[in-house]
Amino acid sequence: MNNHVSVLEIDGKALEHNLNYFKNKLNEATKILAVVKAFGYGSDGVLVAEFLKNKVDYFAVAYAHEGIAIREANIKTPILVLHPQINSLKDIIAYNLEPNLYNFKILNSFLDIASKKGLKQYPIHLKFNTGLNRLGFKQSDISNINTQLKETNAIKIQSLFSHLAASEDLNEKEFSNSQLKSFSSITKEFLKLLDYKPLLHILNTSGVVNYANAQFDMVRIGLGLYGFGNDLKETKQLKNTHHLKSIVSQIHSLKKGESVGYNRAFVAKTPSRSATIPVGHADGLSRKLGNGKGYVLIHNQKANIIGNVCMDMIMVDVSAIDCSEGDEVIIFNHQEMLQHISNVSDTIVYETLTSISPRVKKMLKK
Ligand SMILES: *Cc1c(COP(=O)(O)O)cnc(C)c1O
């Protein structure tokens, strides 16, 4: 049992608000796939999936074991595994997960296993590379794929999809449009070969924001569900889902000249008070937040991190804050705080969220 006092509260109402915000941008028939990979962007993929299971059409995870955890929680919603590996294909079938097959090596391995198992019409997804050059078949692979698939009844193509390289960046509009065009051309060619119609999808969160007319049959929403849009204005209309809270473990009174923490990185210039908080870089707070660059909130007042961020603790300046040992500390509870942490940590919000470590206790508040 995890009884760490540093707790990440996942705000269910905020998740639902954000989901509805994107639903309102979409055609009524457009399906929604909620991306819950990487522990639901650093929260808890199973708790998020449990909460969203009757509100979305699909889930996506990156790797098979993330999908298995969701199935083990008895959640029946279809789950797309975005980046399966050959060694996980048997588990994917055992847990009724749906693999993305992105090259001939994994397609053939899957067909091999599927025919040995006597599977019929097992749902799979085919990914096409339209310019990200990360995963996916080329348009020129279509005829070879078709030759392979014509010989078998073991699988059914549940969807054809691709991924944009710079959907958030309007300076790359021309490139994104060329990806959309290429996707249309690929799917048009492919659909002619089938007597049924798989789902088509290409948009992630910022794709929905910038290229809503390319929503096809489904969109894949990750970061937006967790409260971040393309810009400040949009983010303000979304609600923060990740709230990291802790408590004051101990307060020290410091005389002028006394130091705090490893390497004596902070030295009190005047008589001061420091509070020690049980959250550190092992919980996902970058060392870049040390030495006054990051802050927490205690009784709604900013307390700067002083000295170095330790593995298990930070110390903050509470000279001007009336607080006691045991009082609540907010590490972040708003997109602005997460953006500040990301800026200071030299990274993007995606990384700040997914850095929250498994040691932090996770709870979902409905
Ligand atoms: C992670 C991921 C998404 C979600 O992207 P967001 O920007 O978080 O909405 C969608 N599609 C694929 C293929 C992904 O890997």
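Okay, so let's go over this structure. (Residues numbered from 1 in each chain as written. Predicted model: local features only at pLDDT ≥ 70, side-chain atom pairs only at ≥ 80, totals over all residues. Heavy atoms only, no water.)

Attention now goes to the pairing of strand β17 (residues 314-317). Across four bridges, strand β14 (residues 272-277) lies against β17 in antiparallel orientation. Looking across to β17, one finds that I277 is bridged to I314. As paired elements, strand β16 (residues 301-306) and β17 share two bridges and run antiparallel to each other. Paired with I306 across the bridge in β17 is M315. (Pairing = 2+ DSSP bridges. Helix = DSSP H or I, 4+ residues; strand = E, 2+ residues; numbered from the N terminus.)

Around the ligand sit 14 residues in total, of which K37, Y41, T205, L223 and Y350 are the nearest. Y41 has a polar side-chain atom sitting 2.6 Å from an oxygen atom of the ligand. A distance of 2.5 Å separates an oxygen atom of the ligand from a polar side-chain atom of T205. Protein chains bury 94% of the 390 Å² of accessible surface belonging to the ligand in isolation. Put simply, the ligand lies in the largest pocket. Counting residues per element, the ones that place at least two in the shell around the ligand are α2 (37-42) and β9 (218-221). (Near = heavy atom within 4 Å. Polar contact = N/O pair within 3.5 Å; in protein donor to acceptor, adjacent residues only side chain to side chain. Areas by Shrake-Rupley, 256 points an atom, 1.4 Å probe, with all protein chains shown as cover. 1 Å grid on protein atoms, 1.4 Å probe; cavity = no way out; pocket = protein on both sides within 12 Å on 5 of 7 lines; lining within 4 Å. Sits in = over half its atoms within 2 Å of the grid points.)

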